[in-house]
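Breakdown of the fold
Given next are the chains, with one letter for each unit.
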Amino acid sequence: MATALVNVFAEEKIENTDKKISVNQLLSKIASWYEKLRTSMDYGDEETIFRKAIERILKRKLFLDTNPQTMAQGLVRELIWARYFPDASVPESIINMVAQSIDLHLRLREKLSKEKVLSENKLNEFITQILSREIDTILVPRKDKEAMINFMFQILKDSIEIDDDSKQTRDAQVFIAIRKTFAKDDVASLRYELFKQIFGKLAEQNLEKTALSFKDGYKEIEHQLLYPKRNRVFNHIKKKTPPFLILYDLLIQEKSNIKTLIKNEEEFRNKTFYICERRYANIRNRVKTAIIRSFIFILFSKAFIALFIEGVFERVFLGSIQWLSIALNTTVPPLLMIITGVAIKTPDRDNSQKIFLDIQRILFLDNPQIVQKISIKTKAGSATIRDYIFSFLWLGTSLFSFGIIIFILTKLHFNVLSQGIFIFFIAIISFLTYRIYQTANIYSVATKQGLFTPLVDFFFVPVVSVGRRLTEGIAQINFILMVIDLIIEAPFKGLVGFFEQWFVYLSIKREELE
């Protein structure tokens, strides 16, 4: 199994010699600045930025035009403008592949719309999401990463048993967990991957069959994504993802040389430790980027509206603006996130040693057991007295945590609205800070419990839980981003396209003078 994986990475990549797409560099510079600002406002991991950009462009173009060829050409050029690809690196032939994919998905949407399988909003969302992911895979094939995901699945799937459900469900949950932990797939990407597992990749040959059985397949996809024990499976898989991340880097770097490298244990160990140290160093940059993106997400998506509402409320009902509460609402939550980011520690050499030993087991053993087996039951037994006690304690902890915040704010003479806005921000920032902490521990095989960890859990877990619900809910309905995408981005990209054509025209006129 490991030999097959190594062979995939050892394959020679064939370069596409077709004519490449080139764009105006000045306009590309301007478009890339806009793209950096726009993506900073989005909620999610760095790995999802490219797919989300494709989805955003698709939504706008579907609103303005439904011709697959012109949509594909405009989409690819916009991605090059935004510098997701270097200039003159994308072959022109890729446009036809993207256009074919758009055409198939639009035809599927039309068939499903006539049958009223889903509401128009749900259907449009689903089709746009899976189409954006397929275009992502067309533009950036990830054969190496897919090989590693399949390899992980074969090793880890038997480490989980779901006693009261089918093996098929177990496999689906392990598959989803691996894609979330290793590939950082978001919900849209997971929908696409499950769609492919059920129907196969959408093509002319299976279009009719997919449309006929779509309703049942869609129900299965949503069932697996909302599976009650999905978090238990995810956390189990997450614990043993670091060795595969480092092994993936090792295979990318060494390729076919890995066969020679693993024969020399000392050199193999040194190379593994070197990659670990390099990844640990990169964590600090990722944390910094996550802090900046989280801050901009808060600033543009929520802070402006919240401060506007607070200022108007205080001016109308209190006669003057309470600048102290506004200043604290603006500075304290981001400051908390920055302090937490600075305090984050990277893994040590002991962590690297554990990763190295796991990689050895993965490569050298026929059936490597790198994680203990767990057994899961989906149907909970009847509630016990302990369950009621824990539920009561959880409610009490939540009230206590928020009660302390309200008490302090009252002492600082915050009015009711200012208190609500502060709690709103502190909850969201707490969750985003927790996500940053998770990012920092992506390569940690086992996280150590600190002396004050139980105390931190007691006070902050309830706040983080509320922040997660607020963040994910508002990310789905972000009116500022909707306005930017429809009112600002559409004319901006239109102007970029117009001036690019104008510069081409001027270039032709200049050539006529020679």
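Preceding this section is the structure that the text describes.
Residues numbered from 1 in each chain as written. Predicted model: local features only at pLDDT ≥ 70, side-chain atom pairs only at ≥ 80, totals over all residues. Heavy atoms only, no water.

This brings us to a nonpolar patch on the surface. Together, Ile 385, Ile 389, Phe 390, Phe 392 and Leu 393 make up a nonpolar patch on the protein surface, roughly 590 Å² of accessible area in all. By relative accessible area, Phe 390 is classed as partly exposed at 49%. (Patch = residues over 30% accessible without salt bridge, like charges linked within 9 Å, V, L, I, M, F, W, Y side chains within 5 Å. Areas by Shrake-Rupley, 256 points an atom, 1.4 Å probe, with all protein chains shown as cover. Salt bridge = Lys/Arg side-chain N within 4 Å of Asp/Glu carboxyl O. Buried < 20%, exposed > 50% of the residue type's maximum accessible area, 1.4 Å probe, protein only.)

Orientation of helix H9 (residues 187-199) relative to helix H10 (residues 207-225), taken along the N-to-C sense of each, is 130 degrees, at an axis distance of 10 Å. Classed by the angle they form, the pair H9 and H10 counts as oblique. Crossing geometry of H9 relative to H10 is assigned as right-handed. Within the contact between the two elements, H9 uses Val 187, Leu 190, Arg 191, Leu 194, Phe 195, Ile 198 and Phe 199 and H10 uses Thr 210, Ser 213, Phe 214, Gly 217, Glu 220, Ile 221, Glu 222, Gln 224 and Leu 225. The class makeup of the residues in the contact of H9 with H10 is nine nonpolar, four polar and three charged. (Axes fitted to C-alpha atoms, helices over the stretch in contact; angles between N-to-C directions. Helix = DSSP H or I, 4+ residues; strand = E, 2+ residues; numbered from the N terminus. Parallel < 35°, antiparallel > 145°, perpendicular 65-115°, else oblique. Left-handed = near helix turned anticlockwise from the far one by under 90°. Contact = heavy atoms within 4.5 Å. Nonpolar A, V, L, I, M, F, W, Y, C, P; charged D, E, K, R; others polar.)

Moving on to the environment of Leu 432. Relative to the assigned elements, Leu 432 resides in helix H18 (residues 416-440). Judged by relative accessible area, Leu 432 falls into the buried class, the value being 3%. A sequence separation of 36 residues divides Leu 432 from Arg 468, and the C-alpha atoms of the two residues are 8.1 Å apart.

Another aspect to go through is the environment of Val 23. Relative to the helices and strands, Val 23 is located in the loop between helix H1 (2-10) and helix H2 (25-40). Assessed through its relative accessible area of 7%, Val 23 is described here as buried. The sequence separation of Val 23 and Trp 81 amounts to 58 residues, and the corresponding C-alpha distance is 6.8 Å. Val 23 has contacts with Ser 28, Arg 77, Ile 80, Trp 81, Asp 87 and Glu 500, leaving out every residue within four places of it along the chain.

Met 148, Phe 151, Phe 182, Phe 195, Phe 214, Phe 244 and Leu 247 are the most contacted members of the largest nonpolar core, which totals 84 residues. For Met 148, the residues in contact, after removing those within four places along its chain, are Leu 5, Phe 182, Phe 244, Leu 247, Tyr 248 and Leu 251. (Core = buried A, V, L, I, M, F, W, Y, C linked by side-chain atoms within 4.5 Å.)

Turning our eyes to something else, we now look at the packing of helix H3 (residues 49-64) against helix H6 (residues 120-139). At a minimum axis separation of 9 Å, H3 and H6 run at an interaxial angle of 125 degrees. The pairing of H3 with H6 is recorded here as oblique in orientation. Remark: the crossing between H3 and H6 carries right-handed chirality. Taking contact as the criterion, the partners of Phe 50, Arg 51, Ile 54, Glu 55, Leu 58, Lys 59 and Leu 62 in H3 are, on H6, Thr 128, Gln 129, Leu 131, Ser 132, Arg 133, Ile 135, Asp 136 and Leu 139.

With that settled, consider the packing of aromatic side chains. The final tally for this structure, using the stated rule, is 11 aromatic pairs. With centroids separated by 5.4 Å and ring planes inclined at 65 degrees, the aromatic side chains of Phe 268 and Phe 356 adopt a geometry described as edge-to-face. Taken together, the residues Phe 268 in helix H14 (residues 265-318) and Phe 356 in helix H16 (residues 349-364) connect sequence positions 88 residues apart. For the pair shown, Phe 268 and Phe 356 are each scored as buried. One aromatic cluster is present, formed by Phe 126, Phe 195, Phe 199, Phe 214 and Tyr 218 through successive ring pairs. (Phe/Tyr/Trp six-rings, centres within 6.5 Å; stacked < 30°, edge-to-face > 60°.)

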